[in-house]
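Architecture at a glance
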Amino acid sequence: MVSDRIEPGDPAGTLPEPEPVVPPGLEDTTDATTSAFAAAWARHDEPGEEPEPVDLSGEHVTAVLVAHDSATWLPSALTSLATLDPPPDRLVVVDNTPGGPSGELLQQAVRDGVVDLLVDGDPGHGFADAVAAGLQAAERAARAQTATAARAVPRREWIWLLHDDVVATPEVLGELLRHVVAAGDVDITGPTLLRPSRANQPRRLWDTGISVSGTGRAVASAETGEVLQGQLDRPERVLGLSTCGLLVRREVWDALGGLAPEVPVFRDGVELGWRATRAGFTVTTTPTALLVHRRVGRAGLRPASAATAHPAAVDRSLGMATVWAHRRGAAAALTSVRLVWGCLLRMVGFVLGKAPDRAADEWRALRHFLGSRPARQRLRQRVEQAPVAGAGVDRAQRLRPRWWHSLAVGAEWAAGAVSDRFRALSGHPDTSLDELTGDDFAGREDAAPPWWRTPLLLLVALVAVAGVFGRWVVPGVLTSTQLLPGPAGFEASWSRYLDGPEGLGPPWLGLLALLATPLGGHADWVVVVLLAGGVVLAWAAARAALRSLGVGGATLLGCATVWALLPTVLGAAQRGSLLAAGWAVALPLLVVAGHRMVRRSGLESTRGAFGVALSLLVLAALLPALLLPAAVLAAVLAWRRLRLRWRALVAVGAPLLLLSPWLPDLLARPGRALTGPDPVLAPSEPVAAWRLLLGQTPGAAWSDGGPVPLLVCGSLCGLLWLLALVALVRRGTDRPVLAGWAVALTALLAAVVVSRLVVAVPPYGDPARPEVTGWLLLGFGGLLVAAARGLSGLPAPVLLRRAVSVLCVLTLLGVGTLWWVFDGLTGPVQRRDAAVPAFIATAMEQTPVRTLAVELGQGEPRWNLLSGDGPRLGDTERGTGVTAAERDELARTVVRLVGTGGDEQLSARLAELGVGYLWVTGADPAAVTAIGTTPGLQVGSDVEGSRVWTVTAAPVRAPQPPDGPRAGVTALALLQLLGLLAVVVMAAPALSREDEEELVARRGRDAGARPVEEERR
């Protein structure tokens, strides 16, 4: 809090607790529900109780209204001031634009007796100079009247400051005076400022008390835009208030020297209140006094005034100057550094947020702050010359926000942004308290049910919970048939990308290391999030994509759920396929960004182009072959729509540029473009084409990470084919349906073709079968889009629709979820305590030796040469640190070992290659006997069904730790990171200035003078 409530026992004075009163003329007679709700919140006097009368005869008020180019808003202000009860003793108007359109209005007000004194001001004067001129003219007029009139009883004098864009309630001045008389020791107070609203709308707050943070940011004690419903029921001690409606005791005004001309607008009230609080005076709010304020200057509608055409920049600069003027010595220097640095950071943040107008305001504010040193020096002298009280200094410090306030504001903004995204994702718009209490909301039967009553959302939640508790919370490293353990450290994660065989490693390793950086380099944690939370992430992304295509209702939820379960039904999630996990999230986001690029215009279309580039970058890093059809599609789009040619170039050119360091490796081994991460781990068995079209992927058996049973995958994928065919018959001319079918047929044909290929992959040219999961996801995704569009708006009886919904839910529940839970508990994805036996890992850390890992089973033996922390993600693409000839020799050695055993030369050769341990899994007794007869191998121990032998000869060529990435490689990686950051920034939502303030200020601009009753409402 930045304000102190005045309690009844406050030593500074005793204030009665005023009851909030809705002034006559402000009650809302057009909306009974809102009025009743406000009355329920406000505390009114009991029937029959009359407030104690307060004698105001001892108070003398001089009101000073400053007008500047105000012909539009001045009639409403003058009309409302004419109804004040009680009125000020003298109303002085200072016209800062004499001879302008408002001059005749003011002259007529003088003739009508509304204005007592009209003073010509200067267009270059700020509010402080204009008020000073008005008070001087009022004093001269008062002296002239005193010389001719009888001596009056001395009264306490007050100065009431007004803007020309106000609409005053009749009781506002009376409420202010009753407060200061009842309290007895209030020196400065002000009303509750309200936003102008229409007759059928509730009253909303602008502000009441104001403070200022260490960075010069204005901090209001009440939330702007909040509905006024009796929550401001007690006066509060505050640091300052707005000068609009500010009531100042004349003695205090004279003691402080009035407003500071160095702060001509906006922050003048809080600057005066700060000096007053330091001097020991009491600054409070009067919540029962209500004043409507248009805030025309802050809306930029006075370009010729001190507010200029950039009021945000002026406000920011004056806030920084106010904070700077209240600092001394070394604190002042540190404050200057903090203000300048904070301004620069905000400017960079606004640039990154694509809000150039706000970044320009920060730059203007910084220039004005640095270029106004003489004015700042005068303001500091004014502060130094003002009276100071020790208790007042302490109170002023308490009324200011603490140093962490800016961090709290940033955290609150981030939380609000996440909340907004969640509301947009859930499809429930933000609902205000007034909407909840209105007649339109009462008794609504079409309101969406809570999420726990939505079967499909329950299904997704069940899938996520099953994934977590079925496999992911067990201690150890996550592995599967197509998933090696992730690196567990910052250096380990980045070295796999920066220390590639020929420079940078595969881009997917760089993206994995980048995602792991905020987690301390724990890429294994990122893998867990991608695989365990992949269903929820894919569902959210698919829901956003389908909504952008105009799909809604139960069709939206059902189709999003089908997409979320596809990686599981295809068997890719069970194998630990990072390609499937990444594509399931990135493909729907590609649809969202592509729709924005094509359908929107201006900045949103550009944002969509960079969103396409970002999604395509992720997809191509996992499966490079996608770049070819993407480039063809971009060329067709640029040819048919010339206005999109540059955006199409960005959409495809940006990922090509960022992936360009990988292109030489792809050109050397073109087959790598058809494979996914760690391609040698992909299934090597082919599968029939008709099985692929029903979603059954290659593999030996489902329990070993092979194909999902045909009953499971065929049921869901067959349903997709059927619904897509229905959509084609029903809406055969719909572009999304046709596009979905075109994408589906092309991708599924590609899946069938590449499944028949065997390609050579780096670094040694090992044979591998291309990954078909990505093409299957793309193909079935196209069918899903066609089906969703075809089912949208399908006319059918309610009973039939419910029956179909129940059938789909049961199908998904039985086919998807039960299979996920079952396979999650029994499938190949599992947790292991370590990648290698613990004592081997310890030995490899203590001495630089390698371990020859051999896996025996059906077919030829599989082997790998391990070093460091064992096999990790990306190791199959980085090589084993031996030459191709030595690798062939190791392959022959393994075959000889498990077949007939070896001799001393064989063990000596292992030592020459730096091998210290032989780790064999899946060996039968004959293989164990053959290996055990080899001289130079000492029998170790059995570890979880595996055997370990120690090479007795000392390693001749120990593996050398990498020297670290070369300078050129590091520089190239930094350029990639900067390019990726630029793409992410351009793809992110843009920040924009709040236009609501200007819209509110413009209300009534073209309507001229309205009846005061309507303005009050």
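Residues numbered from 1 in each chain as written. Predicted model: local features only at pLDDT ≥ 70, side-chain atom pairs only at ≥ 80, totals over all residues. Heavy atoms only, no water.

1. With respect to the overall build of the chain
Counting its secondary structure elements, the chain contains 39 helices and 23 strands. Counting all 1017 residues of the chain, 50% fall into the buried class. Residue pairs in contact within the chain that sit at least 24 positions apart in sequence constitute 79% of those at least 6 positions apart. When the accessible area of the chain is evaluated, it comes to approximately 45500 Å², of which 61% is carbon and sulfur surface. (Helix = DSSP H or I, 4+ residues; strand = E, 2+ residues; numbered from the N terminus. Buried < 20%, exposed > 50% of the residue type's maximum accessible area, 1.4 Å probe, protein only. Contact = heavy atoms within 4.5 Å. Areas by Shrake-Rupley, 256 points an atom, 1.4 Å probe, with all protein chains shown as cover.)

2. Overview of the confidence of the model for the chain
Model confidence for the chain is summarised by a mean pLDDT of 78, while 76% of its residues fall at 70 or above. No element of the chain has a lower mean pLDDT than helix α1 (residues 32-41), which averages 35, and none a higher one than strand β13 (residues 247-249), which averages 95. This stretch, residues 1-49, has a pLDDT under 50; its non-local contacts, to residues over four places away or in other chains, come to 97 contacts. Under a pLDDT of 50 for its full length, residues 700-705 has, in the predicted model, 19 contacts with residues more than four places off or in other chains. (pLDDT = per-residue confidence, 0-100.)

3. Some details on the pairing of strand β2 (residues 59-67)
Counted residue by residue, β2 has nine buried out of nine residues, so it is predominantly covered. Alternating positions in β2 separate into two faces, Glu-59, Val-61, Ala-63, Leu-65 and Ala-67 on one and His-60, Thr-62, Val-64 and Val-66 on the other, with burial throughout. Here β2 runs beside strand β3 (residues 90-95); their pairing, made up of six bridges, is parallel. From the neighbouring strand, Leu-65 faces β3, where its bridge partner is Val-93. Of the crossover connections in this fold, the one passing from β2 over helix α2 (residues 74-81) to the parallel β3 is right-handed. (Pairing = 2+ DSSP bridges. Right-handed = clockwise from strand over helix to strand, strands pointing away.)

4. Structural notes on the nonpolar core
Formed by 97 residues in total, the largest nonpolar core has its most connected members in Val-527, Trp-563, Trp-583, Trp-775, Leu-776, Phe-780 and Leu-873. Counting residues per element, this core draws most heavily on helix α20 (residues 553-569), which supplies 10 residues. Apart from residues no more than four positions distant in its own chain, Val-527 is found in contact with Leu-478, Leu-483, Leu-512, Leu-578 and Leu-873. Listed in part, the 33 residues of the second largest apolar core include Val-61, Ala-109, Trp-160 and Val-186. (Core = buried A, V, L, I, M, F, W, Y, C linked by side-chain atoms within 4.5 Å.)

5. Let's talk about empty space enclosed by the protein
Following the criterion strictly, the structure yields 10 cavities of 30 Å³ or more and no others. Here the largest cavity defines a volume of roughly 110 Å³. What lines the largest cavity is a set of 14 residues, among which Leu-531, Gly-534, Val-535, Pro-567 and Ala-573 lie closest to the centre. For the lining of the largest cavity, the elements supplying multiple residues, two or more each, are α18 (523-532), α19 (534-548), α20 and α22 (578-599). Of the residues contributing to the lining of the largest cavity, the split by class is 11 nonpolar, three polar and no charged. (1 Å grid on protein atoms, 1.4 Å probe; cavity = no way out; pocket = protein on both sides within 12 Å on 5 of 7 lines; lining within 4 Å. Points joined across faces, edges and corners; volume = space filled by probe spheres on them. Nonpolar A, V, L, I, M, F, W, Y, C, P; charged D, E, K, R; others polar.)

6. Re the pattern of salt bridges
This model, assessed by the stated rule, comprises 24 salt bridges. Arg-382 serves as the salt-bridge partner of Glu-262, at 3.3 Å between the closest nitrogen and oxygen. Remark: Arg-382 occurs in helix α11 (residues 373-385) and Glu-262 occurs in the loop between α6 (250-256) and α7 (268-278); sequence separation between them is 120 residues. Glu-262 gets classed as buried once you look at its relative accessible area, which sits at 15%. Among the ionic pairs, Asp-734 bridges to Arg-731, the shortest N-O distance being 3.8 Å. Residue Arg-731 is classed as partly exposed on the basis of its relative accessible area, which comes to 24%. Because the salt bridges share partners, they merge into one network encompassing Arg-596, Arg-600, Glu-604 and Arg-607. (Salt bridge = Lys/Arg side-chain N within 4 Å of Asp/Glu carboxyl O.)

7. As for the side chain of Arg-575
With respect to the helices and strands, the residue Arg-575 is situated in helix α21 (residues 572-575). For Arg-575, which is buried and forms no salt bridge, the nearest opposite charge comes from Glu-771, at a distance of 4.1 Å. (Lys, Arg positive; Asp, Glu negative; His and termini not counted.)

8. Let's talk about a nonpolar patch on the surface
The grouping of Leu-628, Val-632, Val-636 and Trp-639 at the surface amounts to a nonpolar patch, some 480 Å² of accessible area in total. Checked against the element boundaries, Leu-628 lands in helix α24 (residues 627-640). When its relative accessible area of 63% is taken as the criterion, Leu-628 is described as exposed. (Patch = residues over 30% accessible without salt bridge, like charges linked within 9 Å, V, L, I, M, F, W, Y side chains within 5 Å.)

9. Quick word on the packing of aromatic side chains
By the definition in use, this model includes one aromatic pair. Geometry around Trp-206 places Arg-195 over its ring, the cationic atom sitting 5.2 Å from the centre. Taking NZ or CZ as reference, Arg-295 lies 4.4 Å from the ring centre of Trp-206, over its face. (Phe/Tyr/Trp six-rings, centres within 6.5 Å; stacked < 30°, edge-to-face > 60°. Lys NZ or Arg CZ within 6 Å of the ring centre and 35° of its normal.)

10. A closer look at unusual backbone geometry
With an omega dihedral of 5 degrees, the bond running from Asp-85 to Pro-86 counts as a cis peptide bond. Structurally, the position occupied by Pro-86 is in the loop between α2 and β3. Each neighbour pair has its own omega, and for Pro-762 with Pro-763 the value is 5 degrees, a cis peptide bond. Take Pro-763: it is sitting in the loop between β16 (759-761) and β17 (766-768). Its identity is not glycine, yet Asp-678 carries a phi of approximately 45 degrees, on the positive side. When you line up the elements, Asp-678 lands in the loop between α26 (663-668) and α27 (689-693).

11. Here's the deal with the sheet that holds strand β12 (residues 240-241)
Spatial ordering of the open sheet is given by β10-β9-β12, a layout of three strands whose pairing is antiparallel. Either end of the sheet is taken by a strand with one partner, and the two such strands are β10 (218-220) and β12. Two strands pair when backbone bridges link them, and strand β9 (residues 209-212) and β12 are joined in this way by two bridges, in the antiparallel orientation. When the sheet's bridge partners are listed, Ile-210 is paired in β12 with Gly-240.

12. Considerations on helix α37 (residues 967-987)
The end-to-end C-alpha separation of α37 is 30 Å, in line with the 30 Å expected for 21 residues at 1.5 Å each. The set of residues buried in α37 consists of Val-969, Ala-973, Gln-976, Leu-980, Val-983, Val-985 and Ala-987. The elements touched by buried residues of α37 are α9 (329-352), α16 (490-498), α17 (507-516), α23 (602-622) and α25 (645-658). (Expected span 1.5 Å × (residues − 1).)

13. Examining the packing of α2 against helix α3 (residues 102-111)
Their axes nearest at 11 Å, the elements α2 and α3 cross at an angle of 15 degrees. Taken as axis vectors, α2 and α3 run roughly parallel relative to one another. In this structure, α2 meets α3 at a crossing whose hand is right-handed. Two secondary-structure elements touch here, α2 through Leu-74, Pro-75 and Leu-78 and α3 through Ser-102, Leu-105, Leu-106 and Ala-109. Across the contact of α2 with α3, the residue classes tally to six nonpolar, one polar and no charged. (Axes fitted to C-alpha atoms, helices over the stretch in contact; angles between N-to-C directions. Parallel < 35°, antiparallel > 145°, perpendicular 65-115°, else oblique. Left-handed = near helix turned anticlockwise from the far one by under 90°.)

14. Focus: the environment of Trp-404
The topology assignment puts Trp-404 in the loop between α12 (390-398) and α13 (405-426). In sequence terms Trp-404 and Gly-214 are 190 residues apart; their C-alpha atoms lie 9.4 Å from each other.

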